[in-house]
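# Examination of the molecular architecture
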Amino acid sequence: MNTKKKELCIYCEKSIQQKLQGRVRKFCDDEYRYKWWNENLDIGNINQYFKNLILFYYKKIFVIIYMRFKKSISNKV
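Below you will find a few notes about this structure. (Residues numbered from 1 in each chain as written. Predicted model: local features only at pLDDT ≥ 70, side-chain atom pairs only at ≥ 80, totals over all residues. Heavy atoms only, no water.)

### Here's the deal with the overall build of the chain
- Looking only at helices and strands, one finds three helices and two strands in the chain.
- When the helices and strands of the chain are listed from N to C terminus, the series reads β-β-α-α-α.
- Residue burial in the chain is summarised as follows: out of 77 residues, 9% are buried.
- The contacts in the chain between residues at least 6 apart in sequence include a share of 7% that link residues at least 24 apart.
- Per element, the accessible surface of the chain, about 7400 Å² overall, is 56% carbon and sulfur. (Helix = DSSP H or I, 4+ residues; strand = E, 2+ residues; numbered from the N terminus. Buried < 20%, exposed > 50% of the residue type's maximum accessible area, 1.4 Å probe, protein only. Contact = heavy atoms within 4.5 Å. Areas by Shrake-Rupley, 256 points an atom, 1.4 Å probe, with all protein chains shown as cover.)

Here it is in structure tokens:
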């Protein structure tokens, strides 16, 4: 088996032999992967963080557009 480098498992810090092609392995075993994700559920909820961030910026942009529109209407009257 050809390896490009050895890395450590995120959970148990044992060395992992990475393959030349394919995705980079972060865990040495499925058991440790399950344990790590169960202990770090807040990290797994990153999609909700980005959704909230996008909503925040959409609201901000909407308010800016509304204020400009309101200002342009008040100038016409």
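### A closer look at the layout of surface pockets
- What the largest pocket holds in volume is close to 170 Å³.
- If you trace the largest pocket, you find it lined by Arg-23, Val-24, Arg-25, Lys-26, Phe-27, Cys-28, Asp-29, Asp-30 and Arg-33. (1 Å grid on protein atoms, 1.4 Å probe; cavity = no way out; pocket = protein on both sides within 12 Å on 5 of 7 lines; lining within 4 Å. Points joined across faces, edges and corners; volume = space filled by probe spheres on them.)

### Thoughts on the packing of aromatic side chains
- Throughout the structure, instances matching the rule amount to four aromatic pairs.
- Taking 5.7 Å as the distance between ring centres and 55 degrees as the angle between the ring planes, the aromatic pair formed by Phe-27 and Trp-36 counts as tilted.
- Put simply, the rings of Phe-27, Trp-36 and Trp-37 touch in pairs and so form one group of aromatic residues. (Phe/Tyr/Trp six-rings, centres within 6.5 Å; stacked < 30°, edge-to-face > 60°.)

### Brief notes about unusual backbone geometry
- One non-glycine residue, Glu-13, lies in the positive phi region at around 60 degrees.
- Secondary-structure assignment places Glu-13 in the loop between β1 (3–8) and β2 (15–19).
- Judged by relative accessible area, which is 59%, Glu-13 ranks as exposed.

### Quick look at the pattern of salt bridges
- Using the criterion set out here, one finds two salt bridges in the structure.
- Linking Arg-33 and Asp-30 is a salt bridge whose minimum nitrogen-to-oxygen distance equals 3.0 Å. Taken as a pair, Arg-33 and Asp-30 lie in helix α1 (residues 30–39) at a separation of three residues, close to a single helical turn.
- Residue class for Asp-30 comes out partly exposed when judged on its relative accessible area of 42%. (Salt bridge = Lys/Arg side-chain N within 4 Å of Asp/Glu carboxyl O.)

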